[in-house]
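# Geometric and topological summary
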Amino acid sequence: MSLSLVSNAYLDEISAKIRSKPVPWEGYQRAELVTSEELALIKKVDRQPRAKVESIHLSDGQTYALLYLRLLKKLQRIDTMQCLLVLIADALLDHDERIPLFARAAQSDPDLPYAPLIRTLEAQDDFVQLKSAQILTVLLSSESTPLQHQHLQPFLKVLSSLVQSQSQNKRDVAVQCLESLLARPECRRAVWAIPRILAGFVEILLHKPGPQMSYQVIFCIWLLSFEQDVAEQINKKYDIIPLLITVAQAAVKEKVIRVIIATFSNLITKAPSENLPAMLVAQLLPFSKNLSTRKWSDEDILEDVQYVRDELERNFESLTTYDEYLSELASGHLSWTPVHESDAFWRENASRLNDRDYEQLKTLIGLLGSDDSVVLAVAVHDLGQYVKHYERGKKIITDLGGKARAMELMTHPNPDVRYHALLSVQELVSHPWSAV
């Protein structure tokens, strides 16, 4: 895994400045923090031309890998940590064959190579934190055995903060680190267990980043979608399907659409019953039909588009009207589709909302807390239809908190919400309750 896979202009710019900054190595020796042997070695590479340093690394790479890590472990001044991290990164840049030199440092000290780098992640200096993250990603991604919990978890905890940061550089580096780590199954499972990371991805996409950041975030989601648990739960937890469709509809880069469609393909393959209904509600079928008529430079896109389209069409044909309603309800994206205003539908299906201890009815009442005025209007309308066509429903709705919420919506700022809330409350109070 090459160091260049986690690249950032800010890190490059600060690294260039740090290479010429003096570090008080002799002072460290006088304070007995650095041995005379360590001082002699570090002076050979400190502020030296790259060609000379490369030559030293070529002939004595293992010695210097161990030196840099040992010094990083015991020296905690910010400028010194900056210098050592740049030396480590320079040694690794374009030299993947040197990664094992740092990994083998564990033979001399079990704390190496990871403990000093994990400690520097907590430094109160953006460069030190992000440079450590870059180097850790290279080393962890190159491990031949599953990563140890004590190395991975503290790193992911820091990345979960970085990915939600207001700083563009922090988000950029965090997403690139995750993009590399998520190729590993144990990392996918560990990331899925940290909701802040997924919430950070969603937040980034909601703010309409540039094509490259969109691609990298969705690439992370695509990698996560190979895990069965993720495929089954990601849309329910993060409403990811309508968000990805919105991103794809606005995308100008083919690679963004490619990775979104590949993600949908995974979600359908791994967990069709959890994802196909939500895809139909979010209107992925007409969009996929449109995509299938386009010309693509990458033939794999067309193959995935056709697979997604065909699975959606097959599912759509087998859906009953009630299935469609449940899919819309589960998605949380209610809109004025024909079922809501069909008396025949409600006569036939109102009582079915009581199934499984009123599970669907509870979901409908939950949507009365939505921030979307269309969802609110449709949900409170449906509550009135349920009561109108199921005579025992009034007490159930009241006991579940639906009546109180519907009455609150009579003063909602949106006139459509107020109107449908008024009609529903009239249904709720128009007759005495029937016994249950």
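Please refer to the structure higher up on the page.
As the structure is a computational prediction, the values presented were derived from the model and not from experiment. (Residues numbered from 1 in each chain as written. Predicted model: local features only at pLDDT ≥ 70, side-chain atom pairs only at ≥ 80, totals over all residues. Heavy atoms only, no water.)

### A word on the overall build of the chain
Here is the rule: Starting at the N terminus, helices and strands are each numbered in turn, a helix being any DSSP run of H or I of at least four residues and a strand any DSSP run of E of at least two. Here the globule rule reads 2.2 Å times residues to the power 0.38, and the radius of gyration is calculated from C-alpha atoms. The rule is simple: take the accessible area with a 1.4 Å probe, protein chains only, and divide by the maximum for that residue type; under 20% is buried, over 50% is exposed, in between is partly exposed. Whether two residues touch is decided by their heavy atoms; if any such pair falls within 4.5 Å, the residues are in contact. Accessibility throughout is a Shrake-Rupley quantity obtained with a 1.4 Å probe, and a residue counts as covered only by protein chains that appear here. Charge convention: Lys and Arg are scored as positive, Asp and Glu as negative, and His as well as the terminal groups of each chain are ignored. Charged side chains are reduced to one point each, which is NZ for Lys, CZ for Arg, CG for Asp and CD for Glu.
Each helix and strand counted, the chain has 26 helices and 0 strands in total. For 436 residues, the compact-globule estimate of 2.2 N^0.38 gives 22 Å, and the C-alpha radius of gyration of the chain, at 29 Å, exceeds that figure by more than 25%. In terms of principal-axis extent, the alpha carbons of the chain reach across some 95 × 50 × 35 Å. When the 436 residues of the chain are sorted by exposure, 52% land in the buried category. Relative to all contacts within the chain whose residues are 6 or more apart in sequence, the contacts with residues 24 or more apart total 70%. Per element, the accessible surface of the chain, about 20,400 Å² overall, is 51% carbon and sulfur. Considering the chain, the positive charge centre built from 47 side chains and the negative charge centre built from 56 side chains are found 5 Å apart.

### Observations regarding the packing of helix α1 (residues 9-18) against helix α8 (residues 126-141)
Heads up, the rule is: Here the axes come from fitting lines to C-alpha atoms, over the contacting stretch only for helices, and the angles between their N-to-C directions go from 0 to 180 degrees. Under this scheme an angle from 65 to 115 degrees is roughly perpendicular, one under 35 degrees roughly parallel, and one over 145 degrees roughly antiparallel; angles in between are oblique. Here is the rule for handedness: rotate from the far helix to the near one, and if that takes an anticlockwise turn smaller than a right angle the crossing is left-handed, while a clockwise turn gives right-handed. Amino acids are sorted into nonpolar (Ala, Val, Leu, Ile, Met, Phe, Trp, Tyr, Cys and Pro), charged (Asp, Glu, Lys and Arg) and polar (every other residue, Gly among them).
Two elements in contact, α1 and α8, have axes separated by 11 Å at closest approach and are oriented at 110 degrees. Judged by the inter-axis angle, α1 sits roughly perpendicular to α8. Note on packing geometry: the crossing formed by α1 with α8 is left-handed. From α1, Tyr10, Leu11, Ile14, Ser15 and Ile18 reach across to α8, where they touch Asp126, Phe127, Leu130, Lys131 and Gln134. Partitioned by chemical class, the residues of the contact of α1 with α8 number 6 nonpolar, 2 polar and 2 charged.

### Re a nonpolar patch on the surface
Applied cut-off: A patch consists of residues exposed above 30% relative accessible area that lack any salt bridge, with like charges linked at up to 9 Å and nonpolar side chains (Val, Leu, Ile, Met, Phe, Trp, Tyr) linked at up to 5 Å. Criterion for a salt bridge: a side-chain nitrogen of Lys or Arg within 4 Å of a carboxyl oxygen of Asp or Glu.
Residues Met407, Met410 and Leu422 make up a contiguous nonpolar surface patch of roughly 240 Å² in combined accessible area. Residue position: Leu422 is located in helix α26 (residues 415-429).

### Points about the side chain of Thr263
Looking at the element boundaries, Thr263 is found in helix α16 (residues 254-270). Apart from residues lying up to four places away in sequence, Thr263 is in contact with Ile218, Ile221, Trp222, Ser225 and Leu244.

### As for the nonpolar core
Convention followed: What we call a nonpolar core is a set of buried Ala, Val, Leu, Ile, Met, Phe, Trp, Tyr and Cys residues that are connected through their side-chain atoms within 4.5 Å.
Of all hydrophobic cores here, the largest spans 122 residues; its most connected members are Trp25, Ile42, Tyr68, Leu178, Phe201 and Phe264. Leaving out residues up to four positions away in the same chain, Phe264 has contacts with Ile241, Leu244, Ile245, Met279, Leu284 and Val308. Ranked by size, the runner-up nonpolar core spans 33 residues in total, among them Tyr322, Leu334, Leu364 and Ile365.

### Considering the pattern of salt bridges
Overall, the coordinates contain 23 salt bridges when judged by the stated rule. For the salt bridge of Asp109 with Lys73, the shortest nitrogen-to-oxygen distance reads 2.8 Å. With Asp109 in the loop between α6 (99-103) and α7 (114-120) and Lys73 in helix α4 (residues 50-74), this pair connects stretches of sequence that are 36 residues apart. Across the salt bridge formed by Glu227 and Arg188, the nearest N and O atoms sit 3.0 Å from each other. With a gap of 39 residues between them, Glu227 in the loop between α13 (211-224) and α14 (228-238) and Arg188 in helix α11 (residues 185-192) connect regions that are remote in the sequence. Residue classification places Arg188 among the buried positions, given a relative accessible area of 10%. Linked by salt bridges that have partners in common, Arg50, Glu54 and Arg98 make up one network.

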